[in-house]
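# Architecture and fold: a report
Listed below, chain by chain, are the residues.
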Amino acid sequence: GENVEQHPSTLSVQEGDSAVIKCTYSDSASNYFPWYKQELGKRPQLIIDIRSNVGEKKDQRIAVTLNKTAKHFSLHITETQPEDSAVYFCAATITGNQFYFGTGTSLTVIP
Amino acid sequence: GAGVSQSPSNKVTEKGKDVELRCDPISGHTALYWYRQSLGQGLEFLIYFQGNSAPDKSGLPSDRFSAERTGGSVSTLTIQRTQQEDSAVYLCASSPDSRTGNTIYFGEGSWLTVV
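Keep in mind that this is a model prediction, so the values were computed, not measured.

## Looking at the pairing of strand β8 (residues 72-77) of chain A
Residue and element names in this part refer to chain A. Where strand β3 (residues 19-25) meets β8, 6 bridges bridge the pair, whose relative direction is antiparallel. When the bridges of β8 are listed, K22 appears paired with S74. As defined by bridge partners, strand β7 (residues 62-67) adjoins β8 across 6 bridges and the pair is classed as antiparallel. Across the sheet, the residue bridging to I62 is I77, located in β8. Remark: 4 residues form the turn of the hairpin made by β7 and β8, two consecutive strands paired antiparallel; K71 in that turn has positive phi of roughly 55°.

The structure is reproduced here in structure tokens:
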């Protein structure tokens with residue numbers, strides 16, 4: 001089955017700086033890659049996603065890039081704010097199958 | 001509309017007892033997933049239902065775990081003879097139709113503590 005690795009496990013940045021979280025996947029057939037944000041004690045919530053026919057997608061301060069050849073995808077958060085502090089999970093799936101999640105990145109934005 | 005609803009939100013049970021966790025997916029969603037999240041850990045896949053197809057049970061950690069989905073809607077995850085290592089948050093998620101690549105929406109989870 002699919003194996004998703006996520007790095008780093010923890011990340012601290014100063015407010016206003018950028019944060020980058022990287023994930024790799026093993027199954028070249030995976031074609032959908034969502035990112036979830038989970039605040040303490042809350043449910044994971046989708047923040048951005050990308051499909052395999054697209055190389056980059058942006059939504060305000062958040063962007064995701066996908067390199068299918070290298071089988072990795074990254075989350076980029078610019079101009080970080082304290083409310084960005086949370087655990088971020090990447091996931092990969094082949095349409096119609098279960099989602100495989102990374103182990104999470106705990107992001108702390110220092111005011 | 002309402003999101004994914006899970007109950008109970010919190011459950012404390014004694015080791016060896018059975019527990020049932022319930023998930024009510026978003027209306028019209030045909031795909032339903034169960035994940036387990038231990039404290040500070042990632043999301044461990046347990047089981048996946050898509051419509052009337054046979055469920056993918058490949059993530060269930062032992063035969064003490066089972067799940068069913070009645071009428072293509074509500075799902076119940078049952079853990080028999082609970083052990084302390086079963087303590088975790090059990091997250092349910094649903095999607096409109098996983099076969100079309102729709103993303104999944106999570107419930108708030110059921111926090112299980114086995115003492």
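## So, the nonpolar core
General note: in soluble globular proteins, nonpolar side chains tend to be found buried as a group. In terms of nonpolar packing, the biggest core is built from 23 residues, with Y25(A), F33(A), W35(A), F73(A), L75(A), Y88(A) and L107(A) touching the most fellow members. At the level of secondary structure, the elements contributing two or more residues to this core comprise β2 (10-14), β3, β4 (32-38), β5 (45-51), β7, β8, β9 (86-92) and β11 (105-110) of chain A. In contact with Y88(A), other than residues within four places in its own chain, are Q6(A), I21(A), Y36(A), K37(A), I47(A), L75(A), I77(A), G104(A), T105(A) and L107(A). Counting residues in each nonpolar core, the second largest holds 19 residues, with L21(B), L32(B), L60(B) and V114(B) among its members.

Analysis parameters
Residues numbered from 1 in each chain as written. Chains lettered and ligands numbered in written order. Predicted model: local features only at pLDDT ≥ 70, side-chain atom pairs only at ≥ 80, totals over all residues. Heavy atoms only, no water. Pairing = 2+ DSSP bridges. Helix = DSSP H or I, 4+ residues; strand = E, 2+ residues; numbered from the N terminus. Core = buried A, V, L, I, M, F, W, Y, C linked by side-chain atoms within 4.5 Å. Buried < 20%, exposed > 50% of the residue type's maximum accessible area, 1.4 Å probe, protein only. Contact = heavy atoms within 4.5 Å.

Everything listed here is a matter of coordinates, which is why it stays silent on function.
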